[in-house]
Amino acid sequence: MATLGVIGTGNLGLKIAQLAIAADLEVVLSNSRGPESLTSAVAQLGERAHAATSVESAEAGDWVLLSVPLAVVGQLPRAALAGKVVLDTTNYYPSWRDGYIEVLDSGKMTTSELVQQTLPEALLVKAFANISDQHVLPLARPEGAGDRSAMPIAGDSLRAKASAAELISRLGYDTVDVGLLSESWRFEPETPASARAYFADVRTLDSGLIRVAELIAAGRSPMEVDFRDQGAPLSPERLRTLLDESPRVLTANRKTP
Ligand SMILES: NC(=O)c1ccc[n+]([C@@H]2O[C@H](COP(=O)([O-])OP(=O)(O)OC[C@H]3O[C@@H](n4cnc5c(N)ncnc54)[C@H](OP(=O)(O)O)[C@@H]3O)[C@@H](O)[C@H]2O)c1
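Conventions we followed
- Residues numbered from 1 in each chain as written.
- Predicted model: local features only at pLDDT ≥ 70, side-chain atom pairs only at ≥ 80, totals over all residues.
- Helix = DSSP H or I, 4+ residues; strand = E, 2+ residues; numbered from the N terminus.
- Rg over C-alpha atoms; globule rule 2.2 N^0.38 Å.
- Buried ≥ 20, exposed ≤ 12 C-beta atoms within 10 Å, placed from the backbone.
- Contact = placed C-beta atoms within 7 Å.
- Near = placed C-beta within 6 Å.
- Nonpolar A, V, L, I, M, F, W, Y, C, P; charged D, E, K, R; others polar.
- Pairing = 2+ DSSP bridges.
- Axes fitted to C-alpha atoms, helices over the stretch in contact; angles between N-to-C directions.

With respect to the overall build of the chain
And then number 1: If you tally the helices and strands in the chain, you get eleven helices and eight strands.
And then number 2: The C-alpha radius of gyration of the chain comes to 17 Å, within 12% of the 18 Å expected for a compact globule of 257 residues.
And then number 3: In terms of overall dimensions, the chain has C-alpha extents of about 45 × 40 × 35 Å along its principal axes.
And then number 4: Expressed as a percentage of its 257 residues, the buried residues of the chain come to 44%.
And then number 5: Taking the contacts inside the chain whose residues are at least 6 apart along the sequence as the reference set, 68% of them involve residues at least 24 apart.

Okay, here's the thing in structure tokens:
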């Protein structure tokens, strides 16, 4: 049976693991605290879910989902990820989480190029980075559904992108190929194709972002902000338009860096 290794089982990683279980995959979950901390997650996901170390997750996966903060990517098992198709969900949040990184702030690199540089032998495909975790489950649809949503992918290996697209289709989404990792700024935070594109009511997002900015300015974590929204399907055609029209949004121009 095909297996998805999941490194990072927080807000986003666990929801994608749920999609994988629904698609009849095995999942091997890992986090920073070790397998014993994943007992309840495994119980909720059922018998095809297993808890492991991040090395074991990487080794077990036909694909590996990487869903951790950028700041910890250097701690991940580089050797075990070598040759693996790795779905990279990483976004860069310098002010409250990852710290400022010059090559990203200046636009010399995209976030996923930096992840690829840190994990050079992994076959990295940026995916699931532009959708809010709350929309991942409600917007998933089987192939052929009229209201199936699309998500962008980017990567430097055509073979890895084809494999990732096959997986993402099984998980419930069409894909739009944006090109190389160097092009993945087209769906980094606060671009038109980022999380906003799947909101049913963007006013919820905009008021939430104002609150996030206030909390960051006050030196507090923005994690408590409520962005609850039912989600709206995003067609491949609409996504392509948003990606084509996208301006590059550097850290300094973000409302919530
Ligand atoms: N949440 C979203 O809506 C969303 C959407 C798109 C993209 N993203 C991006 O996806 C990534 C994950 O986001 P999230 O919201 O799911 O974060 P999160 O809820 O904070 O979860 C992060 C996960 O990473 C694990 N982790 C931390 N250090 C690790 C290490 N050294 N080795 C293995 N696992 C480690 C954590 O384990 P412990 O719990 O044991 O510490 C936790 O399971 C981030 O880069 C984020 O920017 C998030």
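Further notes follow.
Some words on the site of the ligand
And then number 1: Taken together, 25 residues form the shell around the ligand, and within it Gly8, Gly10, Asn31, Asn91 and Asp133 come nearest.
And then number 2: Looking at the shell around the ligand, the element that brings in the most residues is helix H1 (residues 11-22), giving three residues.
And then number 3: Taken together, the residues of the shell around the ligand sort by class into seven nonpolar, 16 polar and two charged.

Considering the environment of Tyr198
And then number 1: Relative to the assigned elements, Tyr198 resides in the loop between strand E8 (174-179) and helix H10 (202-217).
And then number 2: When the C-alpha positions of Tyr198 and Val6 are compared, they lie 24 Å apart, and in sequence the two are 192 residues distant.
And then number 3: Leaving out residues up to four positions away in the same chain, Tyr198 has contacts with Ile131, Ser132, His135, Leu139, Ser149, Gly231, Ala232 and Leu234.

So, the sheet that holds E8
For sheets, the rule is that strands pair by backbone hydrogen bonds, running either parallel or antiparallel.
And then number 1: The strand order across the open sheet formed by eight strands is E3-E2-E1-E4-E5-E6-E7-E8, and the pairing between neighbours is mixed. Each edge of the sheet is formed by a strand with only one pairing partner; in this case those strands are strand E3 (49-51) and E8. Neighbour-to-neighbour, the strand axes of the sheet open up by a mean angle of 25°, direction not taken into account.
And then number 2: As paired strands, strand E5 (residues 85-88) and strand E6 (residues 123-126) are joined by four bridges and run parallel to one another. The partner of Leu87 across the bridge, within E6, is Val125.
And then number 3: Along the sheet face, H1 touches strand E1 (3-7), strand E2 (26-30), E3 and strand E4 (63-66) and points at about 165° away from the line of E2.
And then number 4: Its contacts with the sheet put helix H7 (residues 111-118) on E5, E6 and strand E7 (150-155), and the angle it makes with E6 is roughly 160°.

Thoughts on the environment of Ala49
And then number 1: As for its placement among the helices and strands, Ala49 is situated in strand E3.
And then number 2: Accessibility expressed as a C-beta count within 10 Å gives 22 for Ala49, which makes it buried.
And then number 3: The spacing of Ala49 and Pro236 is 187 residues in sequence and 31 Å in space, taken between C-alpha atoms.

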